[in-house]
Amino acid sequence: MFSSTNSSSKWALALCTAIVSLIIVLTYWPVAHAQFVYTDIIDFQKMAWLRHGDRWMPLLFRGFNNWTIYFRPLGVALFTLQVRLFDAQPGPMHLVSLALHLVNTLLVGTFALQIGKHDPVQKHRLGVLCISTLLYGLHPLLVEPVVWIGCQFELTATLFMLLGWIANIDMARPGLRALIVAICFFLAAASKESAAAFPFVIVTLDWFIRTGPNNSSISARIRKLLTHNWLTYAAIVLTGLAYLTIRHGALGVLVPAVDTHPLPLWARLQESAFLYLRYWRMFFWPTMGMGPLHPIPSQQFLHFNASTALQDTGAACILIMGILLTLRRRHFGGLILGVTFSLLPVLHLIGPNFDASLYHERYAMTALALACAWLPTSLQQMSVPPSVHRLLPLAGKLILSAWLILAVITIRVTAPLWSTQINLWTWAVQNDPTSINARDELISAYMEQGDDASAWKLIDEIVKNHEQCVTCMLNAATLSIGEGNPQRASFFLQKVKDLPELNSRSNFRTYLTLIAQIEVLQDHYKQAEAVARTAIALDNLDPQPQLVLAVALAMQGQITAAVQVEDAATPLLTKDKQVKERQKFEALKDYLRTHPAANQTLRAPSSVVPHPQSTGNHSGGHEG
């Protein structure tokens, strides 16, 4: 990291690195005590996808979290390693996220030094390192991916892209450079699909580093660029083809069809312009509108007026300015183009929208890394009038200090909101009281905390307002079963039985499990057995229908079979729940031993009947 410096000592850079690292760790340290939130709960706690046996291996390529459109084997492998190494405890996994963020921050500083090394006006290397790392490491935009474990996909993708870009600049031997860059590209793509931006940033960097003096013609610069780095470009193309081949083999298709109707082209361009400006605004003013959900109706982009015209013009001007400045080899142009390329995968220019939210803070992580790395050199290349030359450094230090103080305060205020389900979804509901997704998740959070009264309050409001929410009604049925009220549970299930959202694999499995529970409560054990077996066939790593099946079999007198099912289901639970479940099942067997031979008229005591878990809208957490 320090070999690229000439004007600053290695000791000064080492001290700067240590201080910045310490500030970031201290700022984010409360995440060590954070819980699982959002998709983490189903991925690492409720489902045994990654915790049990070798079933995680096929999930590397397809089906994790019921995905059909994502191919992220490296991220799933990293999750599996942590779940098994840390016994599905959230604290150590949060520290892994923090460690990844810290590594990325130091790579941003290294990247900034490498960019500046090739610019003749670059100086003050110590300042370059401190500015780039502090801006990135403490940027509030990154609270979401640092505190939410599920965002390790973004963290690892950014890490490998940064490594690849640094290697492309720093390594002199063409063959070795091509090999390392290609490996980094593949690992980034195996972490998240947004690595598609990687090759375009490589070319943009090369335009500034490998195209000769500014007085050369554009065609001469292009020829020199291809001459110097054609091997790297060929390696990237071959790696991309290999990745697409593996992806096609895993998913069956490159881009699975999604039942959505995209906007017309002109409306999608307006949507992209809106998103482009929104991400730029988030760089400078990240605290405005922060939250886990950003549902913005796409219908607004079907209208053209003065506001949208100004928006479209602003986005076009930024892009055109970036292109023109890049052609003139001005680093602000490279910054703009690099950010633009990094944002392309999330601007909705291609394909349908996969998420109820139009944008997320985590989507800008890689673009922010590029911006922070390229900013110091861009600022030093600016022409400053002599009249303000002395005042500008002081003003810049004051502005940077004030921004960093506000950033630390924002992180310390916002990180706890991402640390528990209750905090997260209370925050989301406060931001948008009409959001059905936020209220749905808050209902699940209340149920997981045992606050059934608060959950019922939200459910009653949804029913009263005739709002459509499949998982809300599944949760209502779950609560009803927990209260021993099968009739009320059936009432809520009846509301969703014909809704298309019930066709999702996870929702339908939960629906069948609840029906099986109702059958048990109504002493229909044969019917409960049949329904539970159907639910198990959908995913045999879900312990809930298996626990219901064990009770149904026991109540029919099939104790041996029930024990076998129970023994298979219990290891699928987290360790803290395994003991409680075994105690309940032993209590059921004791009950059966003290009563007449089991038959379909014998009632199972509610204290030993397994209650289904809450059902959150967890399937959309990693979209995009």
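Scroll up for the structure.
Chemist: Is there a simple way to think about the side chain of His360 in this case?
Modeler: Along the polypeptide, His360 turns up in the loop between α14 (331–343) and α15 (365–380). Once residues within four sequence positions are removed from consideration, His360 is found in contact with Glu144, Tyr279, Met282, Pro292, His294 and Asp355.

Chemist: Would you take a moment to explain the packing of aromatic side chains for this structure?
Modeler: The description of two aromatic rings rests on the distance between their centres and on the angle between their planes. In this structure the tally under the stated criterion is 26 aromatic pairs. With centroids separated by 6.4 Å and ring planes inclined at 35°, the aromatic side chains of Phe64 and Phe79 adopt a geometry described as tilted. In this pair, Phe64 is assigned in the loop between α3 (56–59) and α4 (73–85) and Phe79 in helix α4, connecting sequence segments 15 residues apart. With respect to class, Phe64 is no different from Phe79; both count as buried. Seen from their ring centres, Phe71 and Tyr243 are 5.9 Å apart, and the 50° between their planes marks the pair as tilted. Of this pair, Phe71 sits in the loop between α3 and α4 while Tyr243 sits in helix α11 (residues 218–251); the two residues are 172 residues apart in sequence, bridging distant segments of the chain. As far as the burial class goes, Phe71 and Tyr243 line up, both buried. Pairwise contacts between aromatic rings join Phe36, Phe44, Trp49, Phe64, Trp67, Tyr70, Phe79 and Phe153 into one cluster. Above the face of the Tyr70 ring, Arg72 is positioned so that its terminal group lies 4.1 Å from the ring centre. Looking at Arg488, its charged tip hangs above the ring of Trp456, at a distance of 3.9 Å from the centre.

Chemist: Where do I start with a nonpolar patch on the surface in this structure?
Modeler: Side chains of Ile218, Ile222, Leu226, Leu319, Ile320, Ile323, Leu324 and Leu327 sit close together on the surface and give an oily, nonpolar patch of about 650 Å² of accessible area. Where the nonpolar patch is concerned, the elements lending two or more residues are α11 and α13 (306–327). When residues of the nonpolar patch are assigned to their parent elements, the largest contribution, five residues, is made by α13. Relative to the helices and strands, Leu324 resides in helix α13.

Chemist: What am I meant to see in helix α10 (residues 198–209) here?
Modeler: Helical periodicity: at 3.6 residues per turn, an α-helix aligns residues three or four positions apart in one direction. Counted at 1.5 Å a residue, the expected span for α10 with its twelve residues is 16 Å, and the 17 Å between its end C-alpha atoms agrees. Within α10, nine of the twelve residues are buried, which leaves the element mostly enclosed by the surrounding structure. Regarding α10, the residues found buried are Phe198, Pro199, Val201, Ile202, Thr204, Leu205, Asp206, Trp207 and Phe208.

Chemist: Sorry if this is basic, but what is going on with α15 here?
Modeler: The end-to-end C-alpha separation of α15 is 24 Å, in line with the 22 Å expected for 16 residues at 1.5 Å each. Most pronounced at Trp374, the bend in α15 amounts to some 35°, and the proline Pro376 follows within four residues. In terms of residue burial, α15 counts as a mostly covered element, since 13 of its 16 residues are buried.

Chemist: Just to check I follow, could you spell out the packing of helix α5 (residues 90–117) against α15 for this structure?
Modeler: In a pair of packed helices, the angle between the axes and the distance between the axes together describe the arrangement. Taken N-terminus to C-terminus, the directions of α5 and α15 make an angle of 40°; their axes are 8 Å apart at the nearest point. The pairing of α5 with α15 is recorded here as oblique in orientation. Once α5 is placed against α15, the crossing between them reads as right-handed. Side by side, α5 and α15 meet where Val108, Phe111, Ala112, Ile115 and Gly116 of the first sit next to Ala369, Leu370, Cys372, Ala373, Trp374 and Thr377 of the second.

Chemist: Even after reading the chapter, I still don't get the environment of Asn507, so can you show me in this structure?
Modeler: Among the secondary structure elements, Asn507 is positioned in helix α22 (residues 505–521). As a C-alpha pair, Asn507 and Val470 span 37 residues in sequence and 8.0 Å in three-dimensional space. Separated by 3.1 Å, the side chain of Asn507 and the backbone oxygen of Glu501 make a polar contact.

Chemist: What exactly am I supposed to notice about the nonpolar core here?
Modeler: Side chains of nonpolar character tend, in soluble globular proteins, to be buried together. With 153 residues, the main nonpolar core has Tyr28, Phe111, Trp165, Tyr279, Phe283 and Leu343 as its most contacted residues. Tallying contributions element by element places helix α8 (residues 152–170) first for this core, with ten residues. Setting aside anything within four residues of it in sequence, one finds Leu343 in contact with Tyr276, Tyr279, Tyr363, Ala364 and Ala367. Counting 23 residues, the second-largest nonpolar core is a separate cluster that includes Leu59, Leu60, Val83 and Ile149.

Chemist: When you look at the packing of α8 against α15 in this model, what are you seeing that I'm missing?
Modeler: Here α8 crosses α15 at 35°, and the two axes come no closer than 9 Å. Considering only the axes of α8 and α15, their crossing is right-handed. For the pair α8 and α15, contact is made by Glu154, Leu155, Thr158, Met161, Leu162 and Trp165 and by Met365, Thr366, Ala369 and Leu370, respectively. When its residues are assigned to classes, the contact of α8 with α15 shows seven nonpolar, two polar and one charged.

About the criteria used
- Residues numbered from 1 in each chain as written.
- Predicted model: local features only at pLDDT ≥ 70, side-chain atom pairs only at ≥ 80, totals over all residues.
- Heavy atoms only, no water.
- Helix = DSSP H or I, 4+ residues; strand = E, 2+ residues; numbered from the N terminus.
- Contact = heavy atoms within 4.5 Å.
- Phe/Tyr/Trp six-rings, centres within 6.5 Å; stacked < 30°, edge-to-face > 60°.
- Buried < 20%, exposed > 50% of the residue type's maximum accessible area, 1.4 Å probe, protein only.
- Lys NZ or Arg CZ within 6 Å of the ring centre and 35° of its normal.
- Patch = residues over 30% accessible without salt bridge, like charges linked within 9 Å, V, L, I, M, F, W, Y side chains within 5 Å.
- Areas by Shrake-Rupley, 256 points an atom, 1.4 Å probe, with all protein chains shown as cover.
- Salt bridge = Lys/Arg side-chain N within 4 Å of Asp/Glu carboxyl O.
- Expected span 1.5 Å × (residues − 1).
- Bend = angle between axes of the 7 residues up to and from the residue.
- Axes fitted to C-alpha atoms, helices over the stretch in contact; angles between N-to-C directions.
- Parallel < 35°, antiparallel > 145°, perpendicular 65-115°, else oblique.
- Left-handed = near helix turned anticlockwise from the far one by under 90°.
- Polar contact = N/O pair within 3.5 Å; in protein donor to acceptor, adjacent residues only side chain to side chain.
- Core = buried A, V, L, I, M, F, W, Y, C linked by side-chain atoms within 4.5 Å.
- Nonpolar A, V, L, I, M, F, W, Y, C, P; charged D, E, K, R; others polar.

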